[in-house]
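# Descriptive analysis of the structure
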Amino acid sequence: MLEQAPRWPVPTRSQLWWQRAELGLFTHFGMNTFTDREWGDGHEEPRQFNPRNFDARQWARAAKAGGFKYVILTAKHHDGFCLWPSRHTEHSVKNSPWRGGRGDAVREFVDAMRAEGLRPGLYLSPWDRHERTYGDSPRYNDYYIAQLSELLTQYGPICELFLDGANGEGPNGKKQVYDWDLVHRTVRRLQPNALMFSDAGPDIRWIGNERGTAGDPNWCTVNPALVPYAGFDAPEVGEWLQHGNADGTVWRPGEADVSIRPGWFHHEGENAKVRGTQNLMELYFASVGRNANLLLNVPPTRDGLFHAADVSALVEFGTRLDQTFAHDFAAGARVRKSVEGIELSLPERAPIGMVVLREQIERGQSVSRYRVEAHVYGAWSVVSRGTTIGHKKIDRFAPVTSERWRVIIEESLRPPRFGEIGLFRGAD
Ligand code: FUL
């Protein structure tokens with residue numbers, strides 16, 4: 001018998017894979033790496049690009065050690081320089097000294113990621129400060145679509161396309177009107193499983209800040225009319241993107257992007273400013289712990305390698321994550337479901353300081369208010385309260401020793417469908 005499709009938004013298969021992946025790595029690499037800038041002006045020379053020890057396998061191994069499942073590379077940033085030998089411009093690796101002009105960083109990147117079991121994603125900046133047709137809207141739109149088509153037809157499956165709404169043109173600058181509809185149709189046609197990211201989705205939404213933190217509550221659903229296109233500006237946009245909408249008609253989960261360093265690109269002067277493990281854990285709890293993916297940027301150096309400080313940070317973060325979630329006290333618990341929630345009797349009494357909640361999001365997101373209680377000294381006592389759950393919600397609290405725990409759903413859009421409940425010792 002065919003199961004009836006629900007009448008509310010649910011994730012596609014690609015979105016479900018993506019949400020379960022939880023951790024993505026962002027790599028900003030390109031002309032800015034060599035000019036020590038964040039935004040190139042497009043007047044750079046291809047000969048300036050020459051990463052002497054370029055090795056995307058090294059990036060992939062570090063990403064994997066950190067627990068990341070997909071990696072997104074800036075194939076073209078705002079300066080317009082292309083990391084692949086695009087047929088549509090001379091401003092690319094083909095005119096650089098790197099690999100004698102025969103190099104293709106996008107090719108090496110996708111191959112390296114797949115070889116390490118990671119999925120590649122790409123960033124293709126719509127804003128292009130080099131391309132002469134920029135500002136001549138239809139002509140530049142053709143150029144952008146042509147480049148997008150190269151990337152989506154020559155490099156195998158791309159899990160995410162990061163569409164940046166940034167446009168820094170001043171009041172007298174060139175005004176380009178993007179054809180977003182054509183971009184969306186092109187991606188759907190060439191790679192129906194690729195997910196498109198922007199402040200306006202359509203598949204993944206920007207979380208509304210570059211600090212790596214999601215809102216609380218955080219719904220996977222949005223009202224698409226609120227942010228109609230990428231780069232749309234209104235005072236409330238940040239808030240909307242942080243929280244999503246309980247009554248949203250479209251499934252568009254949030255992704256929280258943030259850099260491991262002050263800048264998005266590598267700068268020698270910032271080598272001592274790489275985030276430490278505790279800082280990365282806090283980012284994890286503020287993003288993945290609030291139903292969003294974390295997209296952590298780690299920028300390669302001029303050598304074309306991750307710096308040793310960033311590699312250590314990734315390795316230590318991965319180790320800490322493994323340790324934190326190594327022992328789930330709820331494993332092997334007796335579970336009793338009641339009308340208001342779910343009760344667990346644990347096989348052992350232990351101090352617990354962290355609960356991990358999940359809904360079966362393949363059936364949608366539903367819970368809007370809950371509380372977690374532990375049975376201590378003969379009575380139920382509240383250890384944490386929350387709003388939304390979604391794919392994952394993590395609450396931390398002062399450790400409580402008990403073998404009886406329960407989660408009470410106080411409010412939900414529909415009868416909730418629980419995923420696993422995890423109970424952990426918590427942070428030190
Ligand atoms: C912004 C860009 O302007 C930054 O350079 C960076 O790429 C960040 C992820 O998005 O809008």
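Above this text is the structure in question.
Below or above, wherever it landed, is the structure these notes cover. As the structure is a computational prediction, the values presented were derived from the model and not from experiment.

### A look at the sheet that holds strand β9 (residues 254–259)
- Judged by pairing direction, the barrel is parallel, and its 8 strands sit side by side in the order β1-β2-β3-β4-β5-β6-β9-β10 before closing back on the first. Put simply, the sheet's adjacent strands are angled 25 degrees from each other on average, direction ignored.
- Note that strand β6 (residues 204–206) and β9 share 2 bridges and pair parallel. When the sheet's bridge partners are listed, Trp206 is paired in β9 with Glu255.

### Observations regarding the pairing of strand β13 (residues 367–376)
- The element β13 is extensively covered by neighbouring structure, given that 8 of its 10 residues are classed as buried.
- The pairing of β13 with strand β14 (residues 379–386) spans 7 bridges and is antiparallel. Residue Val376 lies in a different strand from β14, and its bridge partner there is Ala379.

### Some remarks on the site of the ligand
- Taken together, Phe26, His28, Trp39, His77, His78, Tyr123, Asp164, Ala166, Glu210, Asp257 and Trp264 are the residues near the ligand.
- Measuring from an oxygen atom of the ligand, one finds a side-chain N or O atom of His28 at 2.7 Å.
- The separation between an oxygen atom of the ligand and a polar side-chain atom of His78 is 2.8 Å.
- Expressed as a share of its isolated accessible area of 290 Å², the protein-covered part of the ligand is 91%.
- Cavity membership is defined here by more than half of the atoms lying within 2 Å of grid points; on that basis the ligand lies in the largest pocket.
- Split by residue class, the shell around the ligand holds 5 nonpolar, 3 polar and 3 charged.

Cut-off values and rules
Residues numbered from 1 in each chain as written. Predicted model: local features only at pLDDT ≥ 70, side-chain atom pairs only at ≥ 80, totals over all residues. Heavy atoms only, no water. Pairing = 2+ DSSP bridges. Helix = DSSP H or I, 4+ residues; strand = E, 2+ residues; numbered from the N terminus. Axes fitted to C-alpha atoms, helices over the stretch in contact; angles between N-to-C directions. Buried < 20%, exposed > 50% of the residue type's maximum accessible area, 1.4 Å probe, protein only. Near = heavy atom within 4 Å. Polar contact = N/O pair within 3.5 Å; in protein donor to acceptor, adjacent residues only side chain to side chain. Areas by Shrake-Rupley, 256 points an atom, 1.4 Å probe, with all protein chains shown as cover. 1 Å grid on protein atoms, 1.4 Å probe; cavity = no way out; pocket = protein on both sides within 12 Å on 5 of 7 lines; lining within 4 Å. Sits in = over half its atoms within 2 Å of the grid points. Nonpolar A, V, L, I, M, F, W, Y, C, P; charged D, E, K, R; others polar.

These figures come from the coordinates and say nothing about function on their own.
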